[in-house]
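Take a look at the letters that make up each chain.
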Amino acid sequence: MSNGVKNMILRHRGLISYTVLNYIDKAVTFVVPLIVLYLFGNRALYNEVEYIFSIGAVAAVLIDLGVSSYFLYAYRSADDKVALVNQVEAHFHLLFVLWSGIGLLLLIASMILDVQSPELLLFVVIRSLGLFLVSFYANYFRLSDVPARIFGLTLLVNLTTILILVLVATSASRLHLWHFFLAQALLVGGAIIHVFRSHRRTTIPRLMEYLRGALVYAWPVVLNVFVFMFVNNYGKVYARNALSEGEMFHISFVQRLCLIIQLAHSSSVAYLTKRVFDDESGRINPRVFLLYLLMLGSGLVLLAIAFEVVREFSATADLPIDWLTICLVGYTILWCLGAFFEMYLNRMNQNRYVLLFGLVTGLSFFVILESLPFEPLVNIAGAMCISMALNVVLILYFLFRRGVVGA
């Protein structure tokens, strides 16, 4: 190994070690729903898991109220950064308990009013609160310079879920959604207990003051993320409610494999976020962007390998490389690029443009969806890909006009 390669590895050893842990964590996260298929061959239950994941992902964006994204911006401008981190954690604790109480009230109301599928609502609440918790502490640990600590939460939950599923399979018991979401429910319950035992306290007026600042800063980001999460999950929700079990399985399984690319994106962004927000040059650092592209490329290579492995060895999942697959892969790559460039808009506090571009993208998705003449799933995937390409173009044009990119 040459000295240049050794020096590069040493220089980026933090990124490399974090990335390895993140890949392990996200690989486990990726595999957990697939165990329902490979241990039990239960496509119907797998579809239900993906459906709950889709609804929970959208709901988690709404209950966040901009707390996570504003955290990064507030940290950048704070005089006492340690005090800010501690205070924001106290605000999060109170907000988490309030949302947990609201979720409980919704569940009670659904049972009293005999609303259809209250159990499904319960799992959506658990999933939403779990995602909210992980999203906040991912930023909390990054700003505390221990970003890998988040894996202590996520790996514990996912490995516990795998253990439960294996025990159910070996005992020949009937698989239930409770088996899948039990570990996540324990995480949420444990978080509530931790909040009450924590010494960090805040008040509702102080929380409201922080939320006002968060919403003023982040409401465009929240709405923008909501739009993209809606578009991202529209196909699975539509297929579950309007198409066959096989069609729902096809789109949800391909999108799950595409998470491999998003894994590479999240690994690099998690490591590079602080560098982007601390950069005083006002421009995109070519080295940062090149490092990001290398990581994204590695994700694309792993995705290609995963496709071949699934097609070669899986008796459960028939995975053709068709237009649906191509469009969803293209959409995922474009989404990652858009999310990376969006960080520079966040850093400039130009979030109203984030929202504007998001709304244009969301509107174009539905216009394109109604214009394409193919079968429903291909129309959805094609509209996702084209509208996301438009979003990337809009962001890059804005950054070019502001001198952030270009000569």
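Residues numbered from 1 in each chain as written. Predicted model: local features only at pLDDT ≥ 70, side-chain atom pairs only at ≥ 80, totals over all residues. Heavy atoms only, no water.

Caption draft 1: Summary view of the overall build of the protein. A tally of helices and strands in the protein yields 14 helices and zero strands. What you see in the protein, going N to C, is helices and strands ordered as α-α-α-α-α-α-α-α-α-α-α-α-α-α. Its C-alpha radius of gyration of 21 Å places the protein within 12% of the 22 Å reference for a compact globule of 407 residues. For the C-alpha atoms alone, the extent of the protein along its principal axes is close to 55 × 50 × 50 Å. Within the protein, buried positions represent 50% of all 407 residues. A fraction of 82% describes how many contacts in the protein between residues 6 or more apart in sequence connect residues 24 or more apart. For the protein, the computed accessible surface area is about 19200 Å², with 67% contributed by carbon and sulfur atoms. Here the protein holds 28 positive side-chain charges and 23 negative ones, and the gap between their average locations is 11 Å. (Helix = DSSP H or I, 4+ residues; strand = E, 2+ residues; numbered from the N terminus. Rg over C-alpha atoms; globule rule 2.2 N^0.38 Å. Buried < 20%, exposed > 50% of the residue type's maximum accessible area, 1.4 Å probe, protein only. Contact = heavy atoms within 4.5 Å. Areas by Shrake-Rupley, 256 points an atom, 1.4 Å probe, with all protein chains shown as cover. Lys, Arg positive; Asp, Glu negative; His and termini not counted. Charge placed at Lys NZ, Arg CZ, Asp CG, Glu CD.)

Caption draft 2: Structural detail: the state of the cysteines. For the structure shown, the criterion picks out zero disulfides. With no disulfide of its own, Cys327 has Cys385 as its nearest cysteine by sulfur position, at a separation of 5.4 Å. This cysteine, Cys336, is not joined by any disulfide, and Cys258 carries the nearest cysteine sulfur, 9.5 Å off. (Disulfide = S-S within 2.5 Å.)

Caption draft 3: Expanded view of the packing of aromatic side chains. The full count for this structure, using the stated rule, is 35 aromatic pairs. With a centroid separation of 4.2 Å and 0° between ring planes, the pair formed by Phe92 and Phe136 is classed as stacked. Here Phe92 is found in helix H5 (residues 81–112), whereas its partner Phe136 is found in helix H6 (residues 118–143), with 44 residues between them in sequence. Given a relative accessible area of 1%, Phe92 falls into the buried group. Its relative accessible area of 0% is what places Phe136 among the buried residues. Members of the aromatic cluster, joined through ring pairs, are Phe71, Phe92, Phe96, Phe132, Phe136, Tyr137, Tyr140 and Phe141. A cation over a ring is seen here: Lys81 above Tyr75, with NZ or CZ 4.8 Å from the ring centre. Positioned above the aromatic ring of Phe53 is the side chain of Arg127, whose terminal nitrogen or guanidinium carbon lies 3.7 Å from the ring centre. (Phe/Tyr/Trp six-rings, centres within 6.5 Å; stacked < 30°, edge-to-face > 60°. Lys NZ or Arg CZ within 6 Å of the ring centre and 35° of its normal.)

Caption draft 4: Seen up close, the pattern of salt bridges. Enumeration over the complete set of coordinates arrives at two salt bridges. Glu50 serves as the salt-bridge partner of Arg256, at 2.6 Å between the closest nitrogen and oxygen. With Arg256 in helix H10 (residues 245–278) and Glu50 in helix H3 (residues 43–64), this pair connects stretches of sequence that are 206 residues apart. Across this residue pair, the class does not change: Arg256 and Glu50 are buried. (Salt bridge = Lys/Arg side-chain N within 4 Å of Asp/Glu carboxyl O.)

Everything listed here is a matter of geometry and, on its own, says nothing about what the molecule does.
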